[in-house]
Amino acid sequence: MPSLWRAQTEPPKFPRLGNDASCDLVVVGAGIAGLSSAYEAARCGARVIVIDRGDIAGGMTARTTAHLASELDDFYFELSRAMGEDRARLYHESQVAAINRVEAICADENIAADFARVPGYLVAAEPAHQAELVQEYDVCRRIGVEVEWSDTAPVPLPHGTRALRFARQARFHPLKYCAGLVEAIRNRGGQFYGQTAYVAHDQDGSGVTIQTESGPRIRAAAALFATNSPVNDRVAIHTKQVPMRTYAMAGRSPPEASRMRSSGIRSKLIIMSGCSRRATARTG
Ligand SMILES: Cc1cc2nc3c(=O)[nH]c(=O)nc-3n(C[C@H](O)[C@H](O)[C@H](O)COP(=O)(O)OP(=O)(O)OC[C@H]3O[C@@H](n4cnc5c(N)ncnc54)[C@H](O)[C@@H]3O)c2cc1C
């Protein structure tokens, strides 16, 4: 079944790489990470080639719930505990900068990607979990996150709880955005090849050679791997990863569902937000 985004927008398709090629930067993987990187390089004048083993923007980017959130799924109080408040603050600033960058690129490149600023809510799935929100609020205030308490949220709150409301989050249409990036990169001379899988590379003092599955090679001054799960290093990251697939589904619920409490609430929030961890769920 195509995702909601894919059913509405088909990103442009590109042929397989047929001959050897050369460029300044080769980007392996054409999801939002690869396309954003390719865009920044092309904007700085680099000759860019982007390859993907499937379609352009056909990976996880086509399946996201598309919240552009500076709020953190894993909680700032936990990041702060593990890495210290200065690093948690830096992380938050990077998320704010990333959302601002998407907004600026939409404006600069005239990309109609339905970008809109919206508030984001973190709600307790059940009253016992409110304490985590209190911890989160305290750390967020200390590191400069724009957050406030709210007695309402887009979903009914469990009795006796309040939500955290994060200002200036955003949402967009990921595939309209990616299609806009593709056009902006092509306008700067960038090239795209679909159905072109990376299988190996050789690196030397003057650059890198990418070997593609069907034969042709790409010689470049630098290569950037944006394959979501790394394909160029099978040990360092993979030994720290857990295979996992998440899904987001949406549907109308009957009025009586709004009276759900406890574990029922949690299920409902997972459906609505697509992203729920432990006690709390994110909506917005
Ligand atoms: C249900 C769901 C909800 C989500 N909700 C959110 C959200 O609300 N907000 C948020 O910020 N994030 C969310 N995410 C996560 C977000 O979608 C991803 O982090 C993001 O899309 C990853 O982008 P990417 O470019 O790194 O990877 P991808 O989009 O997966 O792109 C990687 C590309 O690399 C290609 N590739 C892989 N191997 C090779 C190879 N050997 N050769 C060539 N190409 C290769 C793939 O074909 C793919 O196109 C969600 C994810 C899911 C599944």
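Structure's up top.
Just so it is clear, the model here is predicted, and its values are computed rather than measured.

K.L.:
Let's hear about the pairing of strand 10 (residues 217-225): which residues, and what values?
P.N.:
Every regular strand shows the same layout, with side chains that alternate between the two sheet faces. For strand 1 (residues 21-28) and strand 10, the ladder comprises seven bridges, and the chain directions are parallel. By the bridge assignment for strand 10, Val27 is matched with Leu224. Bridge analysis of strand 9 (residues 207-212) against strand 10 gives four bridges, and the strand direction is antiparallel. For Gln211, the partnering residue across the bridge sits in strand 10 and is Arg217. The loop that links strand 9 with its antiparallel partner strand 10 comprises four residues; one of these, Gly215, has a positive phi angle of about 125 degrees.

K.L.:
So what's going on with the environment of Arg168? Which residues, and what values?
P.N.:
Position of Arg168 among the secondary structure elements: in strand 6 (residues 163-171). For the pair Arg168 and Val147, spaced 21 residues apart in the sequence, the C-alpha separation amounts to 9.7 Å. Leaving out residues up to four positions away in the same chain, Arg168 has contacts with Arg117 and Glu146.

K.L.:
Which residues make up the nonpolar core, and what are the values?
P.N.:
Residues Val26, Leu35, Ala38, Val48 and Cys178 are the most contacted members of the largest nonpolar core, which totals 45 residues. Of all the elements in the fold, those that place two or more residues in this core are strand 1, helix 2 (32-43), strand 2 (48-51), helix 6 (174-187), strand 7 (191-193) and strand 10. Residue contributions to this core reach at least three from each of two domains, namely domain 1 (1-66 + 173-241) and domain 2 (68-169). When sequence neighbours within four positions are dropped, the list of residues in contact with Val26 reads Ile49, Ile51, Ile210, Ile218, Ala220 and Ala223. Membership of the second largest hydrophobic core comes to 19 residues, among which are Tyr76, Phe77, Val147 and Phe166.

About the cut-offs
Residues numbered from 1 in each chain as written. Predicted model: local features only at pLDDT ≥ 70, side-chain atom pairs only at ≥ 80, totals over all residues. Pairing = 2+ DSSP bridges. Helix = DSSP H or I, 4+ residues; strand = E, 2+ residues; numbered from the N terminus. Contact = placed C-beta atoms within 7 Å. Core = buried A, V, L, I, M, F, W, Y, C linked by C-beta atoms within 7 Å. Buried ≥ 20, exposed ≤ 12 C-beta atoms within 10 Å, placed from the backbone. Domains from an automatic or database assignment.

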